[in-house]
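Structural characterization, general
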Amino acid sequence: MIVNMSTIATAEEIKHVIERIEECGYQAHVIQGAERTVIGAVGSNGRRAEIEALRAAPGVEDVIQITHPFKLVSRQLRQRCTIVDVSGVQIGGGQLALIAGPCSVESGEQLMETARAVKAAGANLLRGGAYKPRTSPYDFQGLGVEALRLLRDASEETGLPVVTEVMSETDVEIVTEYADMLQVGARNMQNFSLLRKLASSKRPILLKRGPSATINEWLLAAEYLLAGGNPNVVLCERGIKTFETATRNTLDLAAIALAKELTHLPVIADPSHGTGLRSLVPPMSRAAIAAGADGLMIEVHPCPERALSDGPQSLDLPGFAALMMSLGKEPLREFKAA
């Protein structure tokens, strides 16, 4: 439930309401607005009737029930859009966040060439897989810690913060040491033990939608992170499984628009996984932005035909530069020579 304090509520009145919410068995989540304070009463085992009775408490304007099963991510609780800061790069603040890089880190040369090129073209975050969840156990699984070190080296040279996937609870500490943002892959969206671990992390989280997940399930997965104490969550629509076989997945643009209505969290799109086809990445990137996406996550490789994973959906370096130009991004002069 949401307790709306009046615009003239005193600090003592706000403190009293917080204490009463906690006495009733709920967690109190305080949001300080420009004009008023809103307090969310979150939990499932509390005394709801006593929260409703807070309408009579001094300084309380109203008590409203949150209609969605997700509470902390709901726009009912927080109207203002959340801005997630990733080592100086803002996601959700009106500026388009552009995350680019190879599906897998294959070598230092491959990664550095890509990092320099995407930086020059206008990307502001670097992606790259160190640990790769692959359908077949015989496919390339990533370079692990070596890849993390290479990502950090590329970040230090280009200034691009690093986004990379964490696959298990045991990897959280080592990935946190090297990465600026931790990605929860589609296969792990409902890995609740991993979500609980990441909820205590100080790093921002990029939460990909599962291939068979409903929007409700996606937002409830984000709720695990916020309820555990990490408010810095970015949602990523990366396509869902449907009966269609012409594309790798079906990029759900309606989900982007609806998620923006339902939650205050930033929402970005991954048209590379969403389509699986290089030729479709540029038009679906523009379509995702038109649907309200706060950013894009694009796979880029210097030579896609030699990529150890996801070559068919990866843009080459000129292709990525052309996409950025179509989005109004000017090349950075200091990186043109690189």
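To start, this report covers the structure provided alongside it. This structure is a prediction, so every number in the text was calculated from the model and none was measured.

A positive phi angle, near 50°, is found at Ser 87, a position not held by glycine. One can find Ser 87 in the loop between strand S5 (84-86) and strand S6 (89-91). At Asp 310, a position not held by glycine, the phi torsion is positive, near 60°. Within the fold, Asp 310 resides in the loop between strand S14 (295-299) and helix H11 (317-326). By relative accessible area, which is 16% here, Asp 310 ends up buried.

The tendency in soluble globular proteins is for nonpolar side chains to be buried side by side. Of all hydrophobic cores here, the largest spans 70 residues; its most connected members are Val 118, Leu 126, Leu 198, Leu 207, Leu 235, Ile 298 and Phe 320. Filtering out sequence-adjacent residues up to four positions away, Leu 198 remains in contact with Val 166, Val 172, Leu 182, Val 184, Ile 205, Leu 225 and Asn 230. One finds Val 3, Ala 41, Val 60 and Val 63 within the second-largest nonpolar core, a separate group that totals 16 residues.

The strands making up a sheet are joined through hydrogen bonds of the backbone, oriented either antiparallel or parallel. If you trace the four strands from one edge of the open sheet to the other, you get S2-S3-S1-S4, paired in antiparallel fashion. Because the sheet does not close on itself, it has two edges, and the strands there are strand S2 (27-32) and strand S4 (60-64). Here the strands of the sheet are splayed against their neighbours by 20° on average, with no regard to which way each runs. Bridge analysis of S2 against strand S3 (residues 37-42) gives six bridges, and the strand direction is antiparallel. Across the sheet, the residue bridging to His 29 is Gly 40, located in S3. Of the strands in this sheet, strand S1 (2-5), S2, S3 and S4 are in contact with helix H1 (residues 11-23), which crosses S3 at around 5°.

Glancing now at the pattern of salt bridges. Two side chains of opposite charge can pair, provided their charged atoms sit close to one another. Evaluated as defined, the whole model comprises 15 salt bridges. Residues Lys 208 and Asp 270 are paired through a salt bridge, measuring 2.6 Å at the closest nitrogen-oxygen approach. Here Asp 270 lies in the loop between strand S13 (267-269) and helix H9 (271-275) and Lys 208 lies in strand S11 (residues 205-208), a separation of 62 residues in the sequence. Side by side, Lys 208 and Asp 270 carry an identical accessibility label, which is buried. Linking Arg 209 and Asp 252 is a salt bridge whose minimum nitrogen-to-oxygen distance equals 3.1 Å. Of the two residues, Arg 209 sits in the loop between S11 and helix H7 (215-227) while Asp 252 sits in the loop between strand S12 (233-237) and helix H8 (253-262), which places them 43 residues apart along the sequence. By relative accessible area, Arg 209 is classed as buried at 4%.

All right, on to the sheet that holds strand S7 (residues 97-101) then. Here eight strands make up a closed barrel; going around it, the order is S7-S8-S9-S10-S11-S12-S13-S14 and the pairing parallel. The average angle at which neighbouring strand axes cross in this sheet is 25°, direction not considered. Bridge count between strand S10 (residues 181-184) and S11: three bridges; the pairing is parallel. Each bridged residue has a counterpart across the sheet, and for Leu 182 the counterpart in S11 is Ile 205.

Rules of the game
- Residues numbered from 1 in each chain as written.
- Predicted model: local features only at pLDDT ≥ 70, side-chain atom pairs only at ≥ 80, totals over all residues.
- Heavy atoms only, no water.
- Helix = DSSP H or I, 4+ residues; strand = E, 2+ residues; numbered from the N terminus.
- Buried < 20%, exposed > 50% of the residue type's maximum accessible area, 1.4 Å probe, protein only.
- Core = buried A, V, L, I, M, F, W, Y, C linked by side-chain atoms within 4.5 Å.
- Contact = heavy atoms within 4.5 Å.
- Pairing = 2+ DSSP bridges.
- Axes fitted to C-alpha atoms, helices over the stretch in contact; angles between N-to-C directions.
- Salt bridge = Lys/Arg side-chain N within 4 Å of Asp/Glu carboxyl O.

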